[in-house]
Amino acid sequence: MIEQNRQPFPLFSEPPQFRRPGPPLYAQLADVLRQQIETGVLPLGIKLPNLLRMAEIFGVARVTARQAVQLLVMEGLLTARQGRGIHVTRQLPARPYENMRTSWKAMVKRIEGASVELLDAADVGDCPLLAAWELPSAPAYHYMRRVHIKDGVRFAYIELYLDRIIYDQAPERFNATTVIPVMDELRVNVSKARQELTIGGASPEVAQHLGIACGAPVALVRRYACDDSGKAIYAALVVHPGDRVRFDIDLVR
């Protein structure tokens, strides 16, 4: 069911399908939360739901939620204090990185023609992904959680936020196919765009929708696009299976 006018807690719009049998549930839940911290969806200082609510969100026992939080407290990523709640207190260390250039047009060509399995949608007032970039936001966004499929391959799990004004120009098209090619067809002005890629492990929910093993290597892409005013008109967190990602990089002396 597609719900409207609902503000989803970042990436927790439905309980992930934990792997059973598999690693202990608390370890799988800790992996989910750790990934959200690493990608900036759960930014420094944000308060998490209490243990009872967290157990309800993820469909686990309260003791499982407590064990997951305790593990991340031991890692220094969370603090849990009586009367103050559970907070993100440290981002994972910044990774060394290489700057690799591509273009918005090249990305359009890579993903055009893909079909979409829409998992969830909502009109929301803000975009939690923007906290990591400190970008001005649009007055409202249309949130979509979906799987992208091309040539029968489920090649991406994506959570995206699109400026509601842009979405309203072609809602049927945006719901039916990948968003960036539709933005290009509508001649949406993109003055600045950036994406960051890291390597991680598949969360239970991502693994379920991409048909891969929980914890399997994945490429985590955070992407945004801004208009002339600097406002973020598009932001997304994209997860690609590791075996479906390749980089061809020319090294120049």
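As a reminder, the structure under discussion sits directly above these lines.
Residues numbered from 1 in each chain as written. Predicted model: local features only at pLDDT ≥ 70, side-chain atom pairs only at ≥ 80, totals over all residues. Heavy atoms only, no water.

Go over the sheet that holds strand β7 (residues 192–201) with me, naming the residues and quoting the values.
Taken in spatial order, the six strands make up an open sheet running β4-β5-β6-β9-β8-β7, and their pairing is antiparallel. For this open sheet the edge positions go to β4 (115–124) and β7, each flanked by a neighbour on one side alone. With strand direction ignored, the average angle separating the axes of adjacent strands in the sheet is 15°. Pairing geometry for strand β6 (residues 153–163) and strand β9 (residues 232–241), over six bridges, is antiparallel. Bridging across to β9, Y161 finds its partner in A235. (Pairing = 2+ DSSP bridges. Helix = DSSP H or I, 4+ residues; strand = E, 2+ residues; numbered from the N terminus. Axes fitted to C-alpha atoms, helices over the stretch in contact; angles between N-to-C directions.)

I'd like a rundown of the layout of surface pockets, residues and numbers included.
Of the voids in this model, the second largest pocket is the one considered here, and its volume is about 270 Å³. Lining the second largest pocket are 18 residues; nearest its centre among them are L51, A80, R81, G85 and I86. Mapped by element, the contributors of at least two residues to the lining of the second largest pocket are β1 (47–48), α2 (51–58), α3 (62–74), β2 (78–81) and β3 (85–88). Looking at the lining of the second largest pocket element by element, the count peaks at five residues for α3. A class-by-class count of the residues in the lining of the second largest pocket yields eight nonpolar, five polar and five charged. (1 Å grid on protein atoms, 1.4 Å probe; cavity = no way out; pocket = protein on both sides within 12 Å on 5 of 7 lines; lining within 4 Å. Points joined across faces, edges and corners; volume = space filled by probe spheres on them. Nonpolar A, V, L, I, M, F, W, Y, C, P; charged D, E, K, R; others polar.)

I'd love a proper account of the sheet that holds β2, names of residues and values included.
Spatial strand order, β1-β3-β2: three strands in an open sheet with antiparallel pairing. Here the strands that pair on one side only, and so sit at the sheet edges, are β1 and β2. One ladder, built from two bridges, connects β1 with β3; its direction is antiparallel. Across the sheet, L48 pairs through a bridge with I86, a residue of β3.

Let's hear about the nonpolar core: which residues, and what values?
Ranked by internal contacts, the top residues of the largest apolar core, which has 27 residues, are L162, F174, V179, M183 and Y234. When residues of this core are traced back to their parent elements, those giving at least two are α4 (104–111), β6, α5 (164–167), α7 (179–185), β8 (217–226) and β9. If one sorts the elements of this core by residue count, β6 sits on top with five residues. Core analysis: the second largest hydrophobic core is formed by 22 residues, F18, I37, I57 and L78 among them. (Core = buried A, V, L, I, M, F, W, Y, C linked by side-chain atoms within 4.5 Å. Buried < 20%, exposed > 50% of the residue type's maximum accessible area, 1.4 Å probe, protein only.)

Which residues make up the pattern of salt bridges, and what are the values?
Pairs can form between side chains of opposite charge once their charged atoms are near each other. All chains considered together, the criterion is met by 12 salt bridges. Across the pair E196 and R194 runs a salt bridge whose closest N-O atoms are separated by 3.8 Å. Across the pair R222 and E196 runs a salt bridge whose closest N-O atoms are separated by 2.5 Å. Of this pair, R222 sits in strand β8 while E196 sits in strand β7, placing them 26 residues apart in sequence. Since its relative accessible area comes to 14%, R222 is described here as buried. Each of the salt bridges in this network shares a partner with another, and the network as a whole consists of D31, R34 and E75. (Salt bridge = Lys/Arg side-chain N within 4 Å of Asp/Glu carboxyl O.)

Nothing here speaks to function; it is all geometry.
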